[in-house]
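Residue strings, one per chain:
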Amino acid sequence: RVLAKLLYFLNQEYKDDMLEDQLFCLIQNLFGEKNYQCDGTSANGCGQFHEDKVLFYNGFGSNVRGLSMIYLKALLQNRQVIYVVNKKIETNVPEVRRLLQQYHAQTVYLQGNSSVDDSYELKQLIEKERPKHLFLYTTPEDIIGISVFTYFNFKEINRYQINLTDHAFWLGVNAFDYCIEFRDYGAYISNEFRGVQTEKLRLLPYYPIIDYDKEFEGFPFAFDATRQKLVFSGGFLYKTLGAGNLYYQLVRRMLDTHPEVVFWYAGEGDDSQLKLLMRDYPGRVYHTQERKDLYQVLRHSYMYLNTYPMVGGLMFQYAAMAGKVPLTLKYDDCANDCLLRQSDLGVEFDSVEAFYDEMEKLLSDPEYASRKGDSLKTAVISEIDFEQELEKIMRGEHTKFPIALQPVDTISFRKTYLERFQLNDLKEIVVHRFSWKYVFPIFPVITAAGISKKIVKKICGR
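Below you will find a few notes about this structure. (Residues numbered from 1 in each chain as written. Predicted model: local features only at pLDDT ≥ 70, side-chain atom pairs only at ≥ 80, totals over all residues. Heavy atoms only, no water.)

**Regarding the layout of surface pockets**
Point 1. Roughly 840 Å³ of volume is contained in the second largest pocket.
Point 2. As for the second largest pocket, its lining consists of 27 residues, of which R1, V2, L26, I143 and S435 are closest to the centre.
Point 3. When contributions to the lining of the second largest pocket are tallied by element, the ones reaching two or more residues are α1 (2-10), α2 (17-31), α5 (115-129), α6 (143-151), α16 (423-430) and α17 (436-439).
Point 4. Its residues placed into classes, the lining of the second largest pocket shows 20 nonpolar, six polar and one charged. (1 Å grid on protein atoms, 1.4 Å probe; cavity = no way out; pocket = protein on both sides within 12 Å on 5 of 7 lines; lining within 4 Å. Points joined across faces, edges and corners; volume = space filled by probe spheres on them. Helix = DSSP H or I, 4+ residues; strand = E, 2+ residues; numbered from the N terminus. Nonpolar A, V, L, I, M, F, W, Y, C, P; charged D, E, K, R; others polar.)

**Observations concerning the pattern of salt bridges**
Point 1. Counted by the stated rule, this structure contains 23 salt bridges.
Point 2. Taking the shortest distance from any N to any O, the salt bridge between K15 and D17 comes out at 3.2 Å.
Point 3. Residue K15 is classed as partly exposed on the basis of its relative accessible area of 26%.
Point 4. In this structure, E358 and K372 form a salt bridge, with 2.7 Å as the shortest nitrogen-oxygen distance. Taken together, the residues E358 in helix α12 (residues 352-364) and K372 in helix α13 (residues 366-374) connect sequence positions 14 residues apart.
Point 5. For E358, a relative accessible area of 6% corresponds to the buried category.
Point 6. One salt-bridge network, in which partners are shared between bridges, spans K214, E217, R291 and D293. (Salt bridge = Lys/Arg side-chain N within 4 Å of Asp/Glu carboxyl O. Buried < 20%, exposed > 50% of the residue type's maximum accessible area, 1.4 Å probe, protein only.)

**Digging into empty space enclosed by the protein**
Point 1. Taken as a whole and assessed by the stated rule, the structure comprises four cavities of 30 Å³ or more.
Point 2. If you add up the space inside the largest cavity, you get close to 70 Å³.
Point 3. The wall of the largest cavity is formed by L136, T138, T139, P140, I146, Q161, I162, N163, L164, T165, W170 and L171.
Point 4. The residue makeup of the lining of the largest cavity, split by class, is seven nonpolar, five polar and no charged.
Point 5. Taken as a whole, the second largest cavity spans an internal volume of roughly 40 Å³.
Point 6. What lines the second largest cavity is simply P309, M310, V311, Y331, D332, C334 and A335.

Here it is, written out as structure tokens:
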């Protein structure tokens, strides 16, 4: 777990053969076999798994953020869903719980007492319920879900991985029969660098979950819409760091050339650069935590400024659905395909000069900005299309979205990971409730420092 998490944070390779081999050893030690073997003792007989049953394993524990909600909404239309999540993160998913209750779906909470216990519990659940379809939606280092899904390499079961982390390392290249990619970028990386065969790849773009009825919670600062223009940006702040802090230079240029602009960033992380902006532009730059009324915030904004050097895929889509231009400076190919037909939309730019030209046009011409924003509302897959295309995948078919395995540049993108990596990151990685005692003899100083850091954070309530 620790090594996989470290490889994810460094992100210099997309798979590790040694860890994959050790995963097979782990599975054999846990279950006695590397793969599921039907012994014929089941009441249903050997190999009889239920077509109408789906097990959805959510290792992220994410709620509306991420892709769990849109997959569950689609699966619940035609299947009996068994939803599995760790009890420790149960409170993180209130909207998911309400959706599952609406359809009377079965929810199973792994107790989280140990990785071994959770692995056994998940294995026994699959053997008992015998679902034909298993969906894996999890973190890059989740040895529990990944090991159990790898074990169930059995012809009567279809295993699907939802590849949310398409841009970075993850463990588990043998844990699925189909890898569901949301864009060509991830499909190419899975095929070229992870060794996933083309026949296992399926392409299915996603859409954001939006509560259109939720009311706007208001501006957290004084704002006059008649004479000011609100430019909104958001997401984890690490996406704005690196590459010479060019993102903050873009914001400064915007504030210098357009005194009517107010800049609002919503998100968590290192806000040192934002504090410098707030110091230099008093009353015009604001930083808050994430907002639950994100769609309504965007509707009340003039435009959206995408993060750099890393873009936010869901933020891209939220802006488009709200009819606001997600103005984007492209760092590398990781910005590709967040929207349908993205290269034709005129929202991303390869050079700073072209970016500034478009920024000037948008801020100087409200009609142009409004017209361009409205044209983006169809650049996101619909809920109905998503449901129909997912059903095709479960029948073993390809979706209507053809995969273009075109080479992508990942060199500069991976370089930013190295630039951001700090000793504090290593402290976070080695300290986990299941693994710290095994890591301590090897890295005692770093582990002790990491434990101290977590204790301080807990005392401070952060």
